[in-house]
Each structure stands twice: as structure tokens, then as C-alpha cells.
Amino acid sequence: EDSSRIDTVLLNASGQVVDEPIYRRGGEDGRINRKLEAGTYYVKVTGKGVTSSYQMRLSKDPGSKLGNAQFMPVTATPQIWKDSVGGSDRADMYRFDLTGSNSFSLNLKGLKANADVALLDSSGQMMQSSRRFGKQDEAIGATLEAGTYYVKVIGRGRDTNYQLDMAAIPPVKD
């Protein structure tokens, strides 16, 4: 039996283990998904019986409610954010502000499982949504006036990574 593995451990600023270590055999993906208080943390990756390279992505969850939505600047150049939803992380919420009338567009793509997306006004009321079945890309387009808006990405069951592209283009002036 092959006993080689890669261990991943989340540590706090004092070096104490915050979450159960993840043990992976070579080539397997591992994920630590944990709500953390503000502070300093470290990720320790060690190999046992293996020499290997790895990729690591650390991200702050965008939040799932209006009050803890992640601010994302939206410009005429499409902005791209990558994250995941599903399982215990049922939704991600993003907030953006517009200073004038804009043609807004968003695309949700790269889905491995079903997820939907909604555009909300400043009070959280749904303005538009895209709820295509399965792994199909989602899209919303709208003309928006100055104000604060939210985009909610909603997982519909299994975990899925996603890519969210958003842009807001001001009208052409004559």
C-alpha cells in the first residue's frame, strides 16, 4: 500500500491547529472551508513519502447577506471574480455602487453543478434573476441608475466553482 500523502493544516497566530488536518494522497484535491474570526492564520503543507508541487488558493468568502456582502468595483472593463457555492455555503453576496446610469451585464459561468444568480436593489429586493437548469451559464443585463446594488450567487445543492464576470458601461454622450 502506498503510504505517501500530503498534509494540510490551518494554524492560528500561536501555531495552534484551528481545524482538523486534511490528509491527501498525491493528485487528490483538499479543501479547508472554515469561518474564521479576524486575525492572523497560517497554512502548513507537508509531504510524507512524496515530493510534489501544489497550488493553493486562499479566499475570503463574499458573505451571504446584504450586511456582509463583499464590495466589488464594477467598471466598463469586465471584472472577474472566482469562488464557489453549494453545500454549507449556500450563497455569495457582492455589492457594487454606480454613480450614474449604466448598461450593466453579468455572466455566471464555469459551473460544475447548478447555481443561479440574482440582481438586487439597495434594499435587497430582487430586480432580475437567471435560473437556468443544471450547469448552464447564467446571465443578467439591465440598465441601472446611480445607486447601490447587490448580486447574489445561489448554490442549488452540490458544491460548484464559478466565475462571475460583471461590467457597467455608461451611455455614449453625443
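Residues numbered from 1 in each chain as written. Predicted model: local features only at pLDDT ≥ 70, side-chain atom pairs only at ≥ 80, totals over all residues. Heavy atoms only, no water.

**Comments concerning the sheet that holds strand β7 (residues 102-109)**
Strand pairing in a sheet is mediated by backbone hydrogen bonds. Such pairs are either parallel or antiparallel. Stated formally: Here, any two strands with at least 2 DSSP bridges between them count as paired. Numbering of helices and strands runs from the N terminus; a helix is a DSSP stretch of H or I covering at least four residues, while a strand is a stretch of E covering at least two. Lines fitted to C-alpha atoms define the axes here, with helix axes fitted over just the stretch in contact, and angles between the N-to-C directions of these axes take values from 0 to 180 degrees.
Strand order in the open sheet formed by four strands is β5-β12-β7-β10, with antiparallel pairing between adjacent strands. Two strands close off the open sheet at either side, each with one partner strand: β5 (79-85) and β10 (138-144). Within this sheet the neighbouring strands show an average axis-to-axis angle of 20 degrees, counted without direction. Note: β7 against strand β12 (residues 160-169), seven bridges, orientation antiparallel. Bridge pairing in β12 links Leu106 to Met166.

**Some points on the sheet that holds strand β6 (residues 91-98)**
Read across the open sheet, the five strands follow the order β4-β6-β11-β8-β9; overall the sheet is mixed. Edge positions in the open sheet fall to β4 (70-71) and β9 (126-130), since each of these has one partner strand only. In this sheet, β6 lies alongside β4 in parallel orientation, the contact comprising two bridges. Looking at the pairing, Phe71 lines up with Arg95 of β6.

**Looking at the packing of aromatic side chains**
Definition in use: Only rings of Phe, Tyr and Trp enter the pairing, Trp through its six-membered ring, and a pair is recorded when the two centres are within 6.5 Å. The plane angle decides the type: under 30 degrees is stacked, over 60 is edge-to-face, the rest tilted. Relative accessibility decides the category of a residue: with a 1.4 Å probe and only protein chains considered, values under 20% of the type maximum give buried, values over 50% give exposed, and everything between is partly exposed.
Evaluation of the coordinates by the stated rule reveals three aromatic pairs. With a centroid separation of 5.7 Å and an interplanar angle of 25 degrees, the aromatic rings of Phe96 and Tyr149 are classed as stacked. With Phe96 in strand β6 and Tyr149 in strand β11 (residues 147-155), the pair connects residues that are 53 residues apart, well separated along the chain. Residue class for Tyr149 comes out buried when judged on its relative accessible area of 8%. Three or more aromatic residues link up through ring pairs in this structure, and these residues are Phe96, Phe104 and Tyr149.

**Digging into the pairing of β7**
Burial of the side chains of β7 is restricted to one face: Asn102, Phe104, Leu106 and Leu108 are buried, whereas none of Ser103, Ser105, Asn107 and Lys109 on the reverse face is. Across seven bridges, β7 lies against β10 in antiparallel orientation. Counterpart to Asn107 in the pairing with β10 is Ala139.

**Details of the pattern of salt bridges**
Put simply, the test is: A carboxyl oxygen of Asp or Glu within 4 Å of a side-chain nitrogen of Lys or Arg is what we treat as a salt bridge.
For the structure shown, the criterion picks out three salt bridges. Among the salt bridges present, the one from Asp97 reaches Arg95, with a minimum N-O distance of 2.9 Å. Two residues, Asp116 and Arg156, come together in a salt bridge whose shortest N-O distance is 2.8 Å. Residue Asp116 is located in strand β8 (residues 115-120), and its partner Arg156 is located in the loop between β11 and β12; the two are separated by 40 residues in the primary sequence. On the basis of relative accessible area, Asp116 is assigned to the buried category, the value being 4%. Residue classification places Arg156 among the partly exposed positions, given a relative accessible area of 40%.

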